[in-house]
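Examination of the molecular architecture
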Amino acid sequence: MQYSSLNNTAMALRTPGKAAAGTVDVVTGKAKVEYFFDPTLVLESDSNDSALTPARTPSKRKATADENDDSALFTSKHLFMPCSIVKEIEVDEDEKVEGEVPVLVKTSDGQLHKIRDKSGLTQLVAPDDYAGIPDVLHLPNVTEASLLHALRVRYNRDEIYTSAGPILMSVNPYKSITLPGGEDIYSDARMLLYRNSTKGMAGLETPSKNGAANDKALPCHLFQVADRALNSLLSSVMTTEIEPHMEEEDAMIMMEKDHDQKRKNHVVRNQSVIISGESGAGKTEATKKIMQYLARVTKVKGTADNNKNKELGEAKKGAMASLEDRVLSSNPLLESFGNARTLKNDNSSRFGKFIKISFNTKTGGIVGATISNYLLEKTRITTQIEGERNYHIFYQLFSAADEATLQKFGLENGIANFRYLGNRATLKSRRDVSGFAETMACLSQIGLSDSEKDDVLGIIAAVLHIGNIDFELDKGDDEDHSGAGEKAKITASSEANLKRACALLGLEEASVSEAMLTKLLSVGGKTIHKPQDVAQACDKRDALAKLVYSSLFTWMVSKVNSTLASHDAVIAEPGFSPPPVKYNPDPTGFIGVLDIYGFENFDTNGFEQLLINYANEKLQRHFNRHLFEVEQNLYSSEGVDWTYISFNDNKPCLELIEGGGGNVGILSTLDDCGGMGTAAERDVNFLAQIHQKFGGSKGASNGNSSVAHGKKKKKKKSTSSSQKEDEAHQNFIMPKFRQDREFIVIHYAGEVRYTVTGFVEKNVETLSNELKDLGASSTKTFTVGMFATTTPPSPSHDTTGTPARRSTIRGVSVASQFRTSLQMLVMDLECTQPHYVRCIKPNTMKAPNAFESGEVLRQLRYAGMMETIRIRREGYALREEHESFYKRFHLLLSSAEAKKGDGISHLVKVLSKRLNLTDAEWQIGHTKIFLKRELASKLEFLAHLRVHIAARIVGRFGRRVAQHRASKLLTSWGRFRVFVLRKNRKIAAINKISSTFRMHKERKAYRSVLACTIRLQCLGRKVVARERVRKLRDPYWDKTFKELDVLYKEMLSQLDKAACAKDFKAAADLEKKIAPLKEALELKRPLTRSVLERRISEVQTLLDDAVARKAFQECAPLQDKLEGLVKQRVDLPTIEELREAVRLAEEEVANAAVRRDFTGAATAQAALDKANERLEDAMVSEGDDAKEEDSTPCKFQSRADLEEAITEVSKRINYAIEKKEFNKATEYQTELDELEKLRPTLPSIDELEARLKEVTSMMNEAIKNKNFKDADALHKDVDDLEKKLEEERSKMALEENEPSSQESVPTFTNQTGDTIIFDNRHKLVEEINRYKALLQSALDAKKFKDASRHQQSLDKLEALKSMLPTAEELGEQLTKKKAEMNNAIQNKDFENAEKLNEEVETLERKLEEERKHAPVPKQKVSSAPVVIKAPIKAAFKDRTNSIDIAKAAAKAAKSAAPLRKMRPVSKLRPKAPLTARSNNTVLAVTQMLA
């Protein structure tokens, strides 16, 4: 094998095309060359390119040249679109630059532009530049232009997912996307498709021989990321010390010191899916789809664990959904309470959540989940800007709740009457209606009862009523509070809202009113009630509403966590501390899905936006560390020669916000500004301090007086610190024009202008103790538990003995809490292997099919995607340990090369020389070898070919050995074959003669059968034609009375509807159809007592009328008819008489069961069924809708069951005749006759096939004649016949495949060909003794061949002993069966008792036979004639209930009793047995039996 050819093959697999598909200009006829349009090269005189809305917040600074270029890029709608050069142009001298060639270009949409220099354009050089490939790492030339164009092309094709190696980029389509076949891209079938495509993989992208990952056969999708995380989690518990594949995993995990030790100890490697992007980019939707995928693909795996969790949940809360359903229910539930509509996103997450889904790595099933929430936006509860909404749950309640529910909670006035909903009337939305139904379903799935759900809705309504509480100045109590300032009071119009809110929360009105209108201060051991003014009271009212709603949200998260917790897990305490580790024999791990608010930049940005953007900076820093810093540090630690790649590091911005690098940080400064003074004064003080610290002295001097004042206070610092403050922070900008309430921070995603109004107040969250203590005083248990989740219990007296606690001056810092929780989140992410999903917002209008190139490019730049792609392309994506790599690829060395050296260095040296490789394609580290993706694919392919060649060599050697052995075998075989051929010629001649005779015989029989068949077909067609004619004459002839009755009622109903709809034409048509239907109904109405009486009354009326008219000629026939009808009264009992007959039959069945008379019980049951049937027919005929349902099931489902029952009854007849029990034989014969009558109702397979063939030919004839109406009806008949035929065949196959429960009769064929039937153990023992004597005689005579045949026969006879038990064994079986029968009778299981009784009778019969043939002295063999009987099968497996067969037989016997007489017993006696002599041949005996 030539290794160079292998190298060329592998290289061909990964070499891209050199040029695009040739396109020709239709005007010039030349090859058309296209470039990426660059707006920065457009001449200033050209104004064709219209600008869009700038993507970045405009700054007051003077724009630099780079910023001007960025502005041109971000605002151009033709950004990097394909364009072609039209011609070179001339420009003015002042615009002309030496060396530049101005040209006129035309973009793909037909726009013309003047370009400064054509050399600055980037050419589209490969087909991949046009196609938009799924993985941008495989682009021949990765630039911003090619990357953006690839995303644009795929977005226009509705391919919203694009890979950049392991990173998935998702562009929000703002619409639902379906595949060409109409299937949704998130359907269950697609989930299983992606799961099955990678099942069994290690979870990492192991390269295949074509250079692509194994899971790249399917389009890029979120499911690939989720599946990769799941596979990585399940495969992390390694079973070998060395992994058999190359790794492409997180460099952070690779650099851990105890990494190898963890592999050996099988420690689970937790995973995380980090979904990032700006607000409106689709992060929340991506989170839902990933959770749906994980729940769907693991639902079958974790059956055992899910059953345990389900049992635990049912024990706690009653009926509860499965664990997977509860995990999925948590997401829409928290969306309803934590998501809202903003200007950029209709479903924006106003809180962050990190969902840990725990898996059992042994079974692969979900065993639990926990949710951590971060920073719920409380300000939205009380205020929203124009165009935004409050949380979804408020609008869902108004849109979907019924009037009774709204009145129950006092919400019947609508949305416009509530302050917290903006007093804006909105229309009901279908999304809100469906969202409310889904929310209620989710509450049920997590185990909430109906009363708890009402409590939740009551809390929501209470928040709205609190917002409608108004305050006014109290002027009537000025004398008592003359020195206390203004005092507020609740207006009279809003007291109803206060009362309703207190009722819903279970609080006292006085307590709530006092908490909002006063403030408790403790001075010198005395408590002072300080009244609040109107503004302060409004603040406390809003604080109470925020407290109530945030407590409900926290309780909801806690409730979800308690229902999702594993049965052996311990829920962590608040504060983000890890839960205690509990031993679990099955290793468990988790996949964390992070869905946190995206980067936000509004016209007015407040405290919440600062924290949200701070969280995004933290996640971007985590992304940079794992993709850039840690990856490149790994190269350095391994000693790999590597050129450092620069990237957009956001570390300075993080230090500006949270501190570090010698700076205090904005958040720390904000914590220090919570002193005395009004909220406005504290905000101004905070702004002055951050201007002083981060804006520099020059910027501070340009500020207002407050800033200058702050600067004077800092002059006491050291000189070094003053010099440091003089330097402005690179990410901090002070606005000009004296805008003293704003500052600008340069984030990784752009500049954001923050307004400090309310910063300090929101950070301190001054919530008085009076409001905090209200929850504990509630009369509702639900409210108390809800407040307990956020407010820790505190004693009513402090250590000083003060009766009431005074309000704290300074609250807990929200920024500190958020920073701590965010740090804990980052610590959790650092311990996992991350998988990144970058969500991209295609436009700012939330419109589908709109791709704003500038907006997308801005997000790609700030996300660092170009640097990410570069490090993935230029870096070494695959790495493997030295020992593992050498074991897998040393086979590529020849024997001579292997002797020259050993080790990884020698292997790399030889392969590099052979494949013409450089150090840029792979390098050897201290412990690992690093490879490019393409080289790894090539080596895998070469190793595969090497193994294939070795296998062919081994196979060639094996074939040589086989040929040598075969040559010897063929020689001996040829000699034997000559002998066999001669013998076969004789046999063939004999067979030819016999076959010719049989052929003539069968041909004669076939012709006879063919003639009969043709005659039968003629008769069959005659019957079909007759039925068709009858159908044409009377369309209702084949329908029963019940069917006609149902049809009559349906047509009457249709007539009523037509009359109500005033459709008189349809009503007239229906009346025409009803008339003949009614006549047919009356003709087929069964004759019952009530119908008979009605007819007697009619005839009597006619008779009386004839007498009155003296028409005596008419009286005679009427009198005869009347007398005939009166005589029929005896045969037609009334409904009451029939019911009495049913009752008597039921009593007879019960009495027979008590007497253990099972035969009598079967007969009584048949009588009961007959009585029920007559009662039902009578009630149907009389139109009684309250008829009883027929409890008698269908006796036979197929022809096979019927034939089986007929065979069983025939056996009973033979047995009864043998025992001379002719009474039973007569009953059984009647039963057999009735069963045989059922054969026409259950056609056989042959009959069904004949019928199917006939109907199919009729259908084809109808189609040929274009009679499509009849063809459609015949097609339905064909479908029904095919279905019946398939069912019959399946049942026959099931009967053939089922192991027969019948006892086979022991038979033995001796050496002369005679068959011996053993009906008892004694006869078998005699035959065994006879063969033993023959064996001994043969041994004595040294006839060993005869002895061998005797020994084989003896072994067969010995094997038959198990089929003929001894008398003792039969006695034991009889005792056991009798005990089971008595037990069944005590349990009133008469069906089983009947079966056991039959088995007892069989055992008694066998025992009697065995005792009859007890051992006696040997006698001489008599030459008397031997009676030969055909073997009778022992027990018949009754598929139907034996009592049911008796019921059917008795019912049929009663119905046929008036029509015929019983057959005499003499006709049931068997014929004389066939006799044969001992010297008769087997052929003679067979002919006698035939």
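Residues numbered from 1 in each chain as written. Predicted model: local features only at pLDDT ≥ 70, side-chain atom pairs only at ≥ 80, totals over all residues. Heavy atoms only, no water.

1. A word on the packing of helix H39 (residues 1089-1109) against helix H40 (residues 1112-1127)
Where H39 meets H40, the closest approach of the two axes is 9 Å, and the angle between their N-to-C directions is 160 degrees. Of the possible angle classes, the one that applies to H39 and H40 is roughly antiparallel. The two elements H39 and H40 meet at a crossing, and its hand is left-handed. Each of Leu1092, Arg1095, Ile1096, Val1099, Gln1100, Leu1102, Leu1103, Ala1106, Val1107 and Arg1109 in H39 lies in contact with H40, whose residues at this interface are Glu1114, Cys1115, Leu1118, Gln1119, Lys1121, Leu1122, Leu1125 and Val1126. In terms of residue class, the contact of H39 with H40 is made up of twelve nonpolar, two polar and four charged. (Axes fitted to C-alpha atoms, helices over the stretch in contact; angles between N-to-C directions. Helix = DSSP H or I, 4+ residues; strand = E, 2+ residues; numbered from the N terminus. Parallel < 35°, antiparallel > 145°, perpendicular 65-115°, else oblique. Left-handed = near helix turned anticlockwise from the far one by under 90°. Contact = heavy atoms within 4.5 Å. Nonpolar A, V, L, I, M, F, W, Y, C, P; charged D, E, K, R; others polar.)

2. Thoughts on the nonpolar core
The biggest cluster of nonpolar side chains holds 110 residues, and the ones touching the most others in it are Phe337 and Phe394. It is helix H19 (residues 534-564) that contributes the most residues to this core, 14 residues altogether. Ignoring anything within four residues of it in the chain, the contact list for Phe394 reads Leu421, Ile460, Val463, Leu464 and Tyr549. With 78 residues, the next largest nonpolar core counts Leu124, Tyr754, Phe818 and Ile840 among its residues. (Core = buried A, V, L, I, M, F, W, Y, C linked by side-chain atoms within 4.5 Å. Buried < 20%, exposed > 50% of the residue type's maximum accessible area, 1.4 Å probe, protein only.)

3. Focus: a positive patch on the surface
Together, Arg952, Arg956, Arg959 and Arg960 give the surface a local cluster of positive charge. Residue placement: Arg959 occurs in helix H36 (residues 933-1033). (Patch = residues over 30% accessible without salt bridge, like charges linked within 9 Å, V, L, I, M, F, W, Y side chains within 5 Å. Areas by Shrake-Rupley, 256 points an atom, 1.4 Å probe, with all protein chains shown as cover. Salt bridge = Lys/Arg side-chain N within 4 Å of Asp/Glu carboxyl O. Lys, Arg positive; Asp, Glu negative; His and termini not counted. Charge placed at Lys NZ, Arg CZ, Asp CG, Glu CD.)

4. Examining the sheet that holds strand E7 (residues 167-171)
Ordered by their spatial adjacency, seven strands build an open sheet running E6-E7-E21-E8-E17-E11-E12, and the pairing between neighbours is mixed. Edge strands, defined here as strands with exactly one partner in the open sheet, are strand E6 (161-164) and strand E12 (366-374). On average, each strand axis in the sheet is inclined to that of its neighbour by 20 degrees, with strand direction left out of account. With five bridges connecting them, strand E8 (residues 271-276) and strand E17 (residues 588-595) associate as parallel partners. Among the inter-strand pairings, Ser272 is bridged to a residue of E17, identified as Gly592. Across the sheet, helix H30 (residues 814-830) touches E8, strand E11 (352-360), E12 and E17, and the angle it forms with E11 is around 35 degrees. (Pairing = 2+ DSSP bridges.)

5. Observations regarding the side chain of Arg380
Secondary-structure assignment places Arg380 in helix H12 (residues 379-382). A distance of 2.9 Å separates a polar side-chain atom of Arg380 from the backbone oxygen of Arg389. Beyond its immediate chain neighbours, meaning those up to four positions away, Arg380 contacts Ala340, Arg341, Thr342, Arg350, Glu388, Arg389, Asn390 and Tyr391. (Polar contact = N/O pair within 3.5 Å; in protein donor to acceptor, adjacent residues only side chain to side chain.)

6. Some remarks on a nonpolar patch on the surface
On the surface, Leu970, Trp973, Phe976 and Phe979 cluster together to form a nonpolar patch covering roughly 470 Å² of accessible area. The residue Trp973 is located in helix H36 in this model. Accessibility expressed as a relative area gives 46% for Trp973, which makes it partly exposed.

7. Considering the packing of aromatic side chains
Counting across every chain of the model gives 21 aromatic pairs. Both rings, one in Phe686 and one in Phe743, keep their centres 6.4 Å apart while their planes meet at 80 degrees; by these two values the pair is edge-to-face. Of this pair, Phe686 sits in helix H23 (residues 679-694) while Phe743 sits in strand E19 (residues 742-747), placing them 57 residues apart in sequence. No difference in accessibility class separates Phe686 from Phe743, as the two residues are buried. An aromatic cluster of at least three residues, connected via ring pairs, comprises Phe607, Phe686, Phe694, Phe732, Phe743, Tyr754 and Phe759. (Phe/Tyr/Trp six-rings, centres within 6.5 Å; stacked < 30°, edge-to-face > 60°.)

8. Quick word on the pairing of strand E2 (residues 82-88)
Note that strand E1 (residues 35-36) and E2 share two bridges and pair antiparallel. Residue pairing in the sheet places Tyr35 in a bridge with Cys83 of E2. Alignment of E2 against strand E3 (residues 103-107), held across five bridges, turns out to be antiparallel. If you follow Cys83 over to E3, its bridge partner there is Thr107.

9. Some details on the confidence of the model for the protein chain
Per-residue confidence for the protein chain averages 76 on the pLDDT scale, and 76% of its residues sit at or above 70. Counting contacts from residues 200-216, a segment whose pLDDT is below 50, to residues more than four positions away or on other chains yields 47 contacts. Low confidence marks residues 1184-1194, where pLDDT is under 50. Its contacts with residues over four positions away, or in another chain, come to 13 contacts. (pLDDT = per-residue confidence, 0-100.)

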